[in-house]
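# Fold and geometry: a report
Given next are the chains, with one letter for each unit.
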Amino acid sequence: MALRGGIDLGGTKIQAIVVDDDDTILGQARRPTPTSGGPDDVIRALADAQREAAQAAGTTPDALAGVGLGSPGDVDADAGTIAQAGNLPDWHDAVPVGDLLGTLLGTRVAIGNDVSVATKAEFDLGAGRPYRSLLGVFWGTGVGGGLILDGEEWLGRGAAGEIGHMVVKEGGAKCPCGRRGCMEAYAGRKAMELTARERHADGEHTRLFKIMEEKGRDRLTSSVWAKAIEHEDKLALHLIDRAYRAIATAVASAVNLLDIEAIVLGGGLGVRFGEPAAARLAEEMQPHLFNDERPPAVKVAELGDYGGALGAAMLVWP
Ligand SMILES: [Zn+2]
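Residues numbered from 1 in each chain as written. Predicted model: local features only at pLDDT ≥ 70, side-chain atom pairs only at ≥ 80, totals over all residues. Heavy atoms only, no water.

### Quick look at the coordination of the zinc ion
The zinc ion binds to the protein through H165 (ND1), C175 (SG), C177 (SG) and C182 (SG); the donor distances cover 2.0 to 2.4 Å. Geometry at the zinc ion is tetrahedral, judged from its four donor atoms and the angles of 103 to 115° they form at the metal. Mapped onto the polypeptide sequence, the residues donating to the zinc ion form the spacing pattern H-x9-C-x1-C-x4-C. C182 sits in the buried class, given a relative accessible area of 2%. (Donors = N, O, S within 2.8 Å, 3.2 Å for Na, K, Ca; no water. Tetrahedral: all angles 85-135°; square planar, octahedral: opposite > 155°, others 65-115°. Buried < 20%, exposed > 50% of the residue type's maximum accessible area, 1.4 Å probe, protein only.)

Set out below in structure tokens:
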């Protein structure tokens, strides 16, 4: 039996797993993504997480048939490099992550886009199984998208699926990508946190940062948002409402263009809010749908926190 490793590199956390031939998870490990330093620190953390997952599975990284890595940024799968990963510390130029991580782990490393691999995993193993076409929407630090059309991944010229950067308001809020009015500028956790910090500094009352401190965090994680909403924190509710509207506007526009069968909602926030979030998204999309009598199914990602890592492991075939 050949074991494979899979790592999902997110803006907040690194999730590593070891799977067998049936994609059953035999071991896992999770670590926070370094917020300071640079690519070297991130690559070391990736190696540590995979080593720990291998240990939990009763093996070592060098015994794996390979390790797949799903990464944000500009991923060149053939060259094994990652560039322009905006949500990672000081990561601009192309870094040969495949080689560097492969050396640290003693096995070969295949790289793919984090959202593409997570969408593929949901399509093959999760909520997307009944469908031939779907849009994966991964609502977390940013908002990523992955497309399956007629049973095949659609990557365009390599950069397709950027649902978070569909423009929902011309000349609108500044997006972490530097442009204006993108959906992510309203719905990405990073952008929402920036807005919350600004408003808090301006004297607006919110429990968001108190909850953050109580949880021992230095940023507004999905669980911090969930708790604030539980407490009906006004600012949190306002920003989340705005996020739903922005996501629904962008996704409905994509549906109008592509007429896909299903939306699969994943990511840290998407999975945390779960079924109510899927229902809310469906409801908010409705007024924007051109074909409003035949809306797409809206499903929550079934593979949860492991989707990205499972999809990454699928990049490796012994
Ligand atoms: Zn943008």
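There is more to say after this.
### Considerations on the domain arrangement of the chain
A common way to report how large an interface is uses the accessible area buried once the components associate. What the domain assignment reports for the chain is domain 1 (4-113 + 306-316) and domain 2 (127-302). A C-alpha centroid distance of 25 Å is found between domain 1 and domain 2. Each partner contributes residues to the interface: domain 1 has six residues there, and domain 2 has five residues. Carbon and sulfur atoms supply 33% of the area buried between domain 1 and domain 2, which totals about 500 Å² over both sides. If you sort the residues of domain 1 by the area they bury against domain 2, T12, T35 and N87 come out on top, with a joint share of 77%. Counting every contact that joins domain 1 to domain 2 gives three residue pairs in polar contact (both at pLDDT 80 or more). Here the residues of the side of domain 1 that touches domain 2 are counted per class, giving no nonpolar, six polar and no charged. (Domains from an automatic or database assignment. Contact = heavy atoms within 4.5 Å. Buried area = accessible area lost by both parts, 1.4 Å probe. Polar contact = N/O pair within 3.5 Å; in protein donor to acceptor, adjacent residues only side chain to side chain. Nonpolar A, V, L, I, M, F, W, Y, C, P; charged D, E, K, R; others polar.)

### Looking at a positive patch on the surface
On the surface, R207, K215, R217, K227 and R272 cluster together into a patch of positive charge. Structurally, the position occupied by K227 is in helix α7 (residues 222-230). (Patch = residues over 30% accessible without salt bridge, like charges linked within 9 Å, V, L, I, M, F, W, Y side chains within 5 Å. Areas by Shrake-Rupley, 256 points an atom, 1.4 Å probe, with all protein chains shown as cover. Salt bridge = Lys/Arg side-chain N within 4 Å of Asp/Glu carboxyl O. Lys, Arg positive; Asp, Glu negative; His and termini not counted. Charge placed at Lys NZ, Arg CZ, Asp CG, Glu CD. Helix = DSSP H or I, 4+ residues; strand = E, 2+ residues; numbered from the N terminus.)

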